[in-house]
Structures are given as C-alpha cells and as structure tokens.
Amino acid sequence: MNSNLRIYGMALMLASSLSPAQAAYMELGDASNFLASAQLATDSVIQGNITEADEGDVYKVVFGTGGTLSISATGSIDAQIGLFDAGFNALAGDDDSGSGVDALLSYAINAGTYYIGIGDYAMFAITASNQAWLMEGLAPAGFGAVSYIDNQTSIGTGAYTLSLSMQPLNPVPEPASLALLGIGLAGLGMLRRKAG
C-alpha cells in the first residue's frame, strides 16, 4: 500500500510541475472585418483563418489593467495587425516586425476595451468618410473612427495565431529585490561609519 501511495504521490508531483496547455480562443465562423461586429475574444491566444473571400478579422478584447500590450501574429499568412481603442480610433499597426513575415506590435494602453484587426498584407483601416490608413506604425493624428479593415490587394489565405501579453508599466518590485536593496544600503551605511 505504501508503494502505491508513493507512486501516486510521485505522479501527482510530476503532473503538477508540468505547465498546462495554453487555452486559445477559436474564431467562430468567419470573424467580421467591421469593428462594430467584432468577435469578443476571451483568451490571450486567438486562432483563426483568412480565406479567399475574407477581408480581414476583428476581435474585441477587454483588459482589466493597463500596461504595455504586446501582440504577436504568426501563421501561414503575411500577417498585418492593427490596434484600435473603444471608440474605434486607430492607434497603431504592424506588418513585419516579428520574424519573417510575422507581425509584432507593442503599445502602452490603459485598462478598457480594444479591438485587434488582422489580415494578409496589405491591410487598410477605413473610416466612414472612406479615409484609408495602411495599418503600419502609428495612426495619423485625427484620422477618425474606423468602420472596418480591408485588404486592398490580393488576399493570401491561411491560418494565424494572435498571442497577447501585458507588461505592467510600473512593475511592483519583488520582496527579494527590495531585501537585496536594503542589505546593500545597510552595507554602504556601515562602510561609511567605519570610514568616518
């Protein structure tokens, strides 16, 4: 009986040391390319497909805290991504800052609702007055609210994965780091006393 308990205990320790697989939000049907009809993504990994008739996909994401949002787009398309705020205003975009033709975008945000658009290069954000912005770099000042995203050239098809991560703007120091700082300052104080 004791040997069975040891085996079960060891199996439990091994299982608890393995990291669980990352959950992913899967595109439902064909995600809309209109911001007002965006699918609400509920995980930090979003998987989808761009098909021949697909102008692009838009996802709505909600963040409880602010920080530097990093969006990585990988897959079999030449991914181009755009970030939009809750009022549909274009913030920033990227085409090939990741490896190869992958997109990588980092942008400081506050807590709240945002929209992420993805498609195969060349993706444009289009306003109600038909102004177009190639989703690359920072959006032009005063560009206006975006209605939809659209591929204005030929559409390459394939699967993609969006990976989202948030880094706090002002990370709180770990207790061990504070302890080391305190020990170092105490040591400097002692050296100063001996010198004085």
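Keep in mind that this is a model prediction, so the values were computed, not measured. Position numbers for residues start from 1 in each chain and track the written sequence from start to end. Confidence filtering applies because this is a predicted model: local features only for residues at pLDDT of at least 70, side-chain atom pairs given and counted only at 80 or more, and all residues used for totals across whole chains, interfaces and linings. Hydrogens and waters are ignored; side-chain quantities use all the structure's heavy atoms.

Notes on the overall build of the protein
Move 1: Here a helix means four or more residues in a row that DSSP labels H or I, a strand means two or more in a row labelled E, and each is numbered from the N terminus. For the protein, the count of helices and strands is two helices and 14 strands.
Move 2: The cut-offs for exposure are 20% and 50% of the maximum accessible area for each residue type, with area from a 1.4 Å probe on protein chains only; residues under the lower value are buried, those over the upper are exposed, and the others partly exposed. Every one of the 196 residues in the protein was classed for burial, and the buried ones make up 33%.
Move 3: Computed with a 1.4 Å probe, the accessible areas rest on the Shrake-Rupley method; for each residue, only the protein chains presented here act as cover. Of the roughly 11300 Å² of accessible surface on the protein, 60% is carried by carbon and sulfur atoms.

A short note on the nonpolar core
Move 1: Put simply, a nonpolar core is a bunch of buried Ala, Val, Leu, Ile, Met, Phe, Trp, Tyr and Cys residues held in one set by side-chain atoms that sit within 4.5 Å of each other. In terms of nonpolar packing, the biggest core is built from 26 residues, with Y59, I71, L83 and L162 touching the most fellow members.
Move 2: Looking at this core, the elements that each hand over two or more residues are strand 3 (45-50), strand 4 (57-63), strand 5 (67-75), strand 6 (79-85), strand 7 (90-94), strand 8 (103-109), strand 9 (112-120) and strand 14 (158-167).

Focus on the pairing of strand 7
Move 1: With five of five residues buried, strand 7 is to be regarded as a mostly interior element.
Move 2: Connecting strand 6 to the antiparallel partner strand 7 that follows it, the hairpin turn spans four residues, and F88 within it adopts a positive phi of roughly 70°.
Move 3: Only when DSSP finds a minimum of two bridges between them are two strands counted as paired. Where strand 7 meets strand 12 (residues 137-138), two bridges bridge the pair, whose relative direction is antiparallel. Among the inter-strand pairings, A92 is bridged to a residue of strand 12, identified as L138.

A short note on the sheet that holds strand 11 (residues 132-134)
Move 1: Strand order across the open sheet formed by three strands is 11-10-13, with antiparallel pairing between neighbours. Two strands close off the open sheet at either side, each with one partner strand: strand 11 and strand 13 (146-151). Sheet twist, expressed as the average angle between the axes of neighbouring strands with direction ignored, equals 25°. Helix axes are fitted only over the stretch in contact, all axes being lines through C-alpha atoms; the angle between N-to-C directions runs from 0 to 180 degrees.

Comments concerning the confidence of the model for the protein
Move 1: For the protein, per-residue confidence averages 84 on the pLDDT scale, and residues scoring 70 or more make up 80% of the total.
Move 2: Counting contacts from residues 1-21, a segment whose pLDDT is below 50, to residues more than four positions away or on other chains yields zero contacts. Each residue carries a pLDDT score, the predictor's confidence in it, ranging from 0 to 100. Residues count as neighbours in contact if any of their non-hydrogen atoms are within 4.5 Å of one another.

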